[in-house]
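Chains, contacts and geometry: an overview
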Amino acid sequence: DASGGSYAYRTSKAGVNMIGKALSADLKEKGVSVGLIHPGMIRTQFGGDVSKLPEAMTKMQRSVEDGVKGVVAAIDEMSVDNSGTFWHANYGDGLKTCPW
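Please read these numbers as outputs of a predicted model, since none were measured by experiment.

1. What to know about the pattern of salt bridges
Scanning the entire structure with this criterion turns up 2 salt bridges. For the salt bridge of aspartate 93 with arginine 62, the shortest nitrogen-to-oxygen distance reads 3.4 Å. Taken as a pair, aspartate 93 in the loop between strand S2 (86-88) and strand S3 (96-97) and arginine 62 in the loop between helix H2 (55-60) and helix H3 (64-77) lie far apart in primary sequence, 31 residues in all. Given a relative accessible area of 29%, arginine 62 falls into the partly exposed group.

Written out as structure tokens, the structure is:
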């Protein structure tokens, strides 16, 4: 990410993702799949005052319904074979894997 800033937020997200990746290794022998899903930028009240965001960011935001479609698609694709994969749910427009 070339935008910089948000150090605590980004560090916590990276930590959560690494926990999921490590869990996937620990649980694979038990047949448990661990999926890490990035729903995309979803338009909610949690995001705060969107008028303060750059226009490019507000254009990226999608509806909750679109976000749910993508998350459900990612869950449907999970298996023990792809456990630990980091998915971009892509708003229901076809899944993408995200590189570590």
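The discussion continues.
2. Looking at unusual backbone geometry
For serine 6, which is not a glycine, the phi torsion comes out positive at approximately 50°. Along the chain, the position of serine 6 falls in the segment before helix H1 (7-27).

3. Examining the confidence of the model for the chain
Summary statistics for the chain give a mean pLDDT of 87 and a share of 96% for residues scoring 70 or more. Averaged pLDDT values for the elements of the chain fall to 76 in H2 and rise to 94 in H1.

4. Thoughts on the sheet that holds S2
If you walk across this open sheet you meet the 3 strands as S1-S2-S3, and the pairing is mixed. Either end of the sheet is taken by a strand with one partner, and the two such strands are strand S1 (36-38) and S3.

5. Things to note about the environment of proline 99
By the element assignment, proline 99 lies in the segment after S3. Sequence-wise, proline 99 and aspartate 49 are 50 residues apart; in three dimensions their C-alpha atoms are separated by 30 Å.

6. Quick word on H3
Taking 1.5 Å of rise per residue, 14 residues should cover 20 Å, and H3 covers 20 Å from first to last C-alpha, within 8% of that figure. In this structure, the buried residues of H3 make contact with S1 and S2.

7. Details of the side chain of serine 24
Relative to the assigned elements, serine 24 resides in helix H1. Judged by its relative accessible area of 5%, serine 24 is buried. Sequence-distant contacts of serine 24, that is, excluding residues within four places in its chain, are made with Val34, Ser83 and Gly84.

Criteria and cut-off values
Residues numbered from 1 in each chain as written. Predicted model: local features only at pLDDT ≥ 70, side-chain atom pairs only at ≥ 80, totals over all residues. Heavy atoms only, no water. Salt bridge = Lys/Arg side-chain N within 4 Å of Asp/Glu carboxyl O. Helix = DSSP H or I, 4+ residues; strand = E, 2+ residues; numbered from the N terminus. Buried < 20%, exposed > 50% of the residue type's maximum accessible area, 1.4 Å probe, protein only. pLDDT = per-residue confidence, 0-100. Pairing = 2+ DSSP bridges. Expected span 1.5 Å × (residues − 1). Contact = heavy atoms within 4.5 Å.

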